[in-house]
Amino acid sequence: MKTKWTSANITSQAGRRVLITGANSGIGFEAALELARKGAELILPARTQAKAEDAGSRILQQVPQARFHPEILDLAEQASIHAFVNHVIERFPGQSLDLLINNAGVMALPKREITADGFERQFATNYLGPFALTGLLLPSIKAKIGSRVVTLSSGASHQGKIEFDNLQSERVYKPMFQAYAQSKLADLIFSQELQRRLTAVGSPIISMAAHPGYAVTNLQADHVGAGLTLLMAVMKPFLSQDAAHGALPTLFAAVAAETVPGGYYGPDGVGELKGHPTAVRLAKGAMDQAVAKRLWIESERLTNVKFGALSDVV
């Protein structure tokens, strides 16, 4: 019988520098905590300096020797992304990152919100922000075996559809199974297309995706409407898991030797809602290369971020 993968399987991460977004709460915090336990140096951005410093302080309480750098980053604002990346490059010049985990996100905002850049907030935070962040940081990721980009998707990606005439939900806005699902499908498509382009240019960096299943975090509590709140209350005792277990697919994608380039990992339980990390099925919409290429081009246009040689891959 195959042994279930847990955080105990994580080997030493000493000497590795990890940047993880949204590490001040939920599965992002739990992933950061486990990587700190294994000796990784952490860059911990949050929307405010206070939140970033608080996350670091909570990690220190459990890992007194932890090394971390609190930073400010709002993925919904392109100006904040550029300022953050400039600060990272200044502080850690050259190829200085071993692992980028695109974890931060928002979920099912009841009403359509528009960012300063004119983007729908879920699409901006969950997808365009990580896209731009990855593109700007790619030159900082070490071009060697072991370097990884992990992007968080969701089981909701199976309900998603990339609507090029409604990317910003300007025509139709439904909080969960349209706007949120589209943003998480876009994340999954991005992880696949990024790997295709990395492979095409012979880069040793690998791109993967993960989803946490149904992990009980403040991602749901902050914004979901009354109907989803009631549904989750009914499901929680039977189908959910805590944030620490929800972080396992992220950690598996980030460090496990069994992973493959372009892999997608989630819980092994019923409906992929809870359990231990395993390879899971891509949403059908994530396998259309024509859509992936078009979305990549549109994302570069919207963010004005290019990926160097990767942008020229056809």
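To keep things clear, this report deals only with the structure shown in the data block. Residue positions are given per chain, counted from 1 along the sequence in the order it is written. Per-residue local features of the predicted model are confined to residues with pLDDT of at least 70, and side-chain atom pairs are confined, for both listing and counting, to 80 or more; whole-chain, interface and lining totals are unaffected and use all residues. Hydrogens are left out, water is left out, and the side-chain values use all remaining heavy atoms of the structure.

Focus on the pattern of salt bridges
So the rule is basically this: Salt bridge, as applied in this entry: a Lys or Arg side-chain nitrogen positioned within 4 Å of an Asp or Glu carboxyl oxygen. Helix numbering and strand numbering both begin at the N terminus, where a helix is a DSSP run of H or I of at least 4 residues and a strand a DSSP run of E of at least 2. Residue burial is assigned from relative accessible area. The probe radius is 1.4 Å, only protein chains are included, and a residue is buried under 20% of its type maximum, exposed over 50%, and partly exposed in between.
Considering all chains together, one arrives at 15 salt bridges under this definition. Two residues, Lys-4 and Asp-268, come together in a salt bridge whose shortest N-O distance is 2.6 Å. Taken together, the residues Lys-4 in the segment before β1 (17-20) and Asp-268 in the loop between β7 (264-267) and β8 (277-279) connect sequence positions 264 residues apart. On the basis of relative accessible area, Lys-4 is assigned to the partly exposed category, the value being 42%. Residue Asp-268 is classed as partly exposed on the basis of its relative accessible area of 32%. In this structure, a network of salt bridges that share partners links the residues Arg-17, Glu-41 and Arg-67.

Here's the deal with the nonpolar core
Quick reminder of the rule: Side-chain atoms within 4.5 Å link the members of a nonpolar core, which is a set of buried Ala, Val, Leu, Ile, Met, Phe, Trp, Tyr and Cys residues. Pairs of residues are marked as contacts when any of their non-hydrogen atoms sit within 4.5 Å.
In terms of nonpolar packing, the biggest core is built from 46 residues, with Leu-19, Phe-84, Tyr-127, Leu-133, Leu-137, Leu-194 and Phe-307 touching the most fellow members. Looking at which element gives the most residues to this core, the answer is helix α4 (residues 121-137), with 8 residues. Not counting residues within four places of it along the chain, the set of residues in contact with Leu-194 comprises Thr-134, Val-149, Ser-207, Trp-296, Phe-307 and Leu-310. Trp-5, Ile-27, Ala-243 and Tyr-265 belong to the second largest nonpolar core, which has 37 residues in total.

What about helix α1 (residues 26-37)?
Worth spelling out the cut-off: Here a helix's expected span is defined as the number of its residues, less one, multiplied by 1.5 Å.
The first and last C-alpha atoms of α1 sit 17 Å apart over 12 residues, in line with the 16 Å expected at 1.5 Å per residue. With 10 of its 12 residues buried, α1 lies for the most part within the structure. Turning to α1, its buried residues number three or more, namely Ile-27, Gly-28, Phe-29, Glu-30, Ala-31, Ala-32, Leu-33, Glu-34, Leu-35 and Ala-36. With its phi angle positive at about 100°, Gly-39 sits one or two positions after the end of α1.

Description of helix α10 (residues 289-303)
Applied cut-off: This arc is built from the directions going out from the helix axis to the C-beta atoms. Pairs of N or O atoms are called polar contacts if they sit within 3.5 Å, as long as, within protein, a hydrogen donor faces a hydrogen acceptor (for residues adjacent in sequence, only side-chain-to-side-chain pairs).
For α10, with 15 residues, the first-to-last C-alpha span of 21 Å sits near the 21 Å given by 1.5 Å per residue. Taken together, the buried positions of α10 are occupied by Ala-292, Leu-295, Trp-296, Ser-299, Glu-300 and Thr-303. For α10, the angular spread of the buried residues around the axis is 135°, confining them to a single face. Away from the buried face of α10 by more than 90 degrees, exposed residues Ala-290, Arg-294, Ile-297 and Arg-301 are located. Packing partners of the buried residues in α10 comprise α3 (78-91), α4 and α5 (175-200). At the N-terminal end of α10, a side-chain oxygen is found 3.0 Å from the backbone nitrogen of Ala-290, two or three residues along, and the residue is Asp-288. Directly after α10, the chain includes Asn-304, whose backbone phi takes a positive value near 60°.

Some words on the sheet that holds strand β6 (residues 206-210)
Backbone-to-backbone hydrogen bonds pair the strands of a sheet. The strands run either parallel or antiparallel. So the rule is basically this: Pairing between strands requires that DSSP locate at least two bridges from one strand to the other. Lines fitted to the C-alpha atoms define the axes, with helices restricted to the stretch that makes contact. Angles between their N-to-C directions range from 0 to 180 degrees.
If you walk across this open sheet you meet the 8 strands as β3-β2-β1-β4-β5-β6-β7-β8, and the pairing is mixed. At either margin of the open sheet sits one strand with a lone partner, and together these are β3 (67-72) and β8. On average, adjacent strands in this sheet sit at an angle of 20° to one another, irrespective of strand direction. With 3 bridges connecting them, β1 and strand β2 (residues 41-46) associate as parallel partners. Bridge pairing in β2 links Arg-17 to Glu-41. Here helix α9 (residues 248-255) sits on the sheet in contact with β4 (99-102), β5 (148-152), β6, β7 and β8, set at roughly 160° to β5.

Focus: the packing of α5 against α10
Two measures define how a pair of helices packs: the angle their axes make with one another and the distance between the axes. Note the cut-off: Throughout this description, any angle smaller than 35 degrees is read as roughly parallel, any larger than 145 degrees as roughly antiparallel, any in the 65 to 115 degree range as roughly perpendicular, and the remainder as oblique. In this classification, Asp, Glu, Lys and Arg are treated as charged, Ala, Val, Leu, Ile, Met, Phe, Trp, Tyr, Cys and Pro as nonpolar, and every other residue, Gly included, as polar.
Between α5 and α10, the shortest axis-to-axis distance is 10 Å and the interhelical angle comes to 95°. By the criterion of interaxial angle, the relationship of α5 to α10 is roughly perpendicular. Where α5 abuts α10, its residues Ala-186, Ile-189, Phe-190, Glu-193, Leu-194, Arg-196 and Arg-197 lie against Gln-289, Val-291, Ala-292, Lys-293, Leu-295 and Trp-296. Each residue belonging to the contact of α5 with α10 can be placed in one class, and the counts come to 8 nonpolar, 1 polar and 4 charged.

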